[in-house]
Amino acid sequence: MLTIEELRGVYVPIVTPFDAVSEELALSDFRRQLAALLAAGVDGLVINGTTGESPTVSQAEVALLLAEAQSAVAAAAAAQRAERSTQTAQAAQMAHAAQTAQTAQAVQAGQDAQGAQAVQAEQGAQMAQTAQTTQHTGSAIRPVPIVVGTGTNDTAETVRRTARAAELGADAALVVTPYYNRPSPAGVVAHFRRVAEVGLPVIVYEIPHRTGLALPVDTIREILELEGVVGIKDSTPGVQLVTELSRLGSKPVLCGEDSQWFAALCCGAAGGMLASANVRTAQFTGLFRSFAAGQTAEAKRAFDELLPLIRLLFAEPNPGPLKWLLAREGVIGSDAMRLPMTGISARLQAELAAQRV
């Protein structure tokens, strides 16, 4: 399960591809998109978020998507371990060749057999230590966490969905603030307390322009202090919330407003949960690595390059622009969405086509 320490970096809410005719899940497209994201070094995946068209995806379909993601993540981790094992073997071979050469040189230099054996023994010990260290590092490879959107405006239903996600092996649940019915702050806290009692780590999703409810900072802090809540996706306008939570020593905050991501990082965000990272994913992960390494100017340049595309991707309702661009690039077979979502305008298509992805 997801830990507080792992809630950092680039988490991608993945699109849900549909067949252009039947509108059924296009699982082969989903596998292709998963492979591309994992190859680009994402730190986490989110299934059944808003970008995944959660309102029109059934719970049975969520289970299928989660199973596909788990298979892809396991395969990627196994490939990493195999690569690490190959690197260890190659390093051992190189060290053995160097050891043999150095022993031969020692004999040629006139050392007696006992001296040469001592040199060989010392080098052998160094090789063994190197191999052990590398093997330990390889065994520490952890699969990319998978987060499942389970939030609704019905606490009992949210609990059921979260419990089901836990049974299916999700690493965490993304739980949106209850929408439409506009509960009191006390009701929202009680909602998250009940969901967190399921035992699956909870990421709070605060997005007032969709829920119609903007929580006070004190209420958010109270929710974040609940056992089982590991952090928050902040999709509020501006950076006031992340700034205040960072100042007060909060659990991790992931920026959910893509165009504010760099500013949020500078204000203390631990990363981002970014729909736009479905494309140019390696640039997003590279940006975060640069920022985390203290290379702020390089990260800012990378963000400035991404910003025009980010703005276009939200020029019309998400995930329409993303799906159109992914289909154009051949990652998914169709930009189909289920009603009431519809395709993007011809004008936006032309603007996106001018972007180099």
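Above: the structure in question.
Description of the structure in this document. The structure displayed is predicted, hence computed values, not measured ones.

Bringing the overall build of the chain into the picture now. The helix and strand inventory of the chain stands at 13 helices and eight strands. Every one of the 357 residues in the chain was classed for burial, and the buried ones make up 45%. Long-range contacts, defined as pairs at least 24 residues apart, comprise 71% of the intrachain contacts of the chain with a sequence gap of at least 6. Of the roughly 16,600 Å² that the chain leaves accessible, carbon and sulfur atoms contribute 54%.

Summed over all chains, the structure comprises zero disulfides. Distance from the sulfur of Cys 267, which forms no disulfide, to the nearest cysteine sulfur (Cys 266) is 6.6 Å. Note on Cys 267: relative accessible area 25%, which makes it partly exposed.

Note on helix geometry: an α-helix contains 3.6 residues per turn, so any two residues three or four positions apart are oriented the same way. A rise of 1.5 Å per residue sets the reference length of helix H5 (residues 185-196), with its twelve residues, at 16 Å; its end C-alpha atoms lie 17 Å apart and thus fit the reference within 8%. Among all positions of H5, only Val 188, Val 189, His 191, Phe 192, Val 195 and Ala 196 are buried. Down the axis of H5, the smallest arc covering the buried residues is 155°, so these residues share one side. Residues of H5 that are exposed and point over 90 degrees away from its buried face: Ala 186 and Arg 194. Residues of H5 that are buried in the fold lie against helix H4 (155-167), strand E4 (172-176), strand E5 (202-206), helix H7 (217-224) and strand E6 (229-234).

Before going further, it helps to spend a moment on unusual backbone geometry. Here the amide bond leading from Asn 318 into Pro 319 is cis, since omega sits at 10°, within 30 degrees of zero. By the element assignment, Pro 319 lies in the loop between helix H11 (296-313) and helix H12 (320-328). Here the bond from Leu 339 into Pro 340 is cis, since omega is 15°, no more than 30 degrees from zero. Residue placement: Pro 340 occurs in the loop between H12 and helix H13 (346-353). Non-glycine residue Asn 48 carries a positive phi angle of around 65°. Position of Asn 48 relative to the elements: it lies in the loop between strand E2 (44-47) and helix H2 (59-108). Of note, Glu 53 is a non-glycine position whose phi angle comes to about 60°, a positive value. With respect to the element layout, Glu 53 can be found in the loop between E2 and H2. In this structure Glu 53 comes out as buried when scored by relative accessible area, which is 3%.

Turning our eyes to something else, we now look at the environment of Thr 243. Within the secondary structure, Thr 243 is located in helix H8 (residues 240-247). Thr 243 sits in the partly exposed class, given a relative accessible area of 34%. Sequence spacing of Thr 243 and Ala 264 is 21 residues, and the spatial spacing of their C-alpha atoms is 7.8 Å.

Right, let's talk about the packing of aromatic side chains for a bit. Scanning the model with the defined rule gives three aromatic pairs in all. Here the aromatic cluster, defined as three or more aromatic residues joined through ring pairs, consists of Phe 262, Phe 291 and Phe 303.

Quick look at the pairing of strand E3 (residues 146-149) now. The side-chain alternation of E3 yields two buried faces, one formed by Ile 146 and Val 148 and the other by Val 147 and Gly 149. Direction of pairing for E2 relative to E3: parallel, over a ladder of three bridges. Among the inter-strand pairings, Ile 47 is bridged to a residue of E3, identified as Val 148. Pairing between E3 and E4: three bridges, direction parallel. Paired with Gly 149 across the strands is Leu 174, a residue of E4. Since E3 and E4 lie parallel, the crossover through H4 that links them has a hand, and here it is right-handed.

For the rest of this paragraph, the subject is H12. Most of H12 sits inside the fold, with seven of its nine residues counted as buried. Restricting attention to buried positions, one finds in H12 the residues Gly 320, Pro 321, Leu 322, Lys 323, Trp 324, Leu 325 and Leu 326. Buried residues along H12 sit against helix H1 (27-39), H11 and H13. Count one or two residues on from H12 and you reach Gly 330, which has phi positive near 80°.

What counts, and where the lines are drawn
Residues numbered from 1 in each chain as written. Predicted model: local features only at pLDDT ≥ 70, side-chain atom pairs only at ≥ 80, totals over all residues. Heavy atoms only, no water. Helix = DSSP H or I, 4+ residues; strand = E, 2+ residues; numbered from the N terminus. Buried < 20%, exposed > 50% of the residue type's maximum accessible area, 1.4 Å probe, protein only. Contact = heavy atoms within 4.5 Å. Areas by Shrake-Rupley, 256 points an atom, 1.4 Å probe, with all protein chains shown as cover. Disulfide = S-S within 2.5 Å. Expected span 1.5 Å × (residues − 1). Arc of directions from axis to C-beta. Phe/Tyr/Trp six-rings, centres within 6.5 Å; stacked < 30°, edge-to-face > 60°. Pairing = 2+ DSSP bridges. Right-handed = clockwise from strand over helix to strand, strands pointing away.

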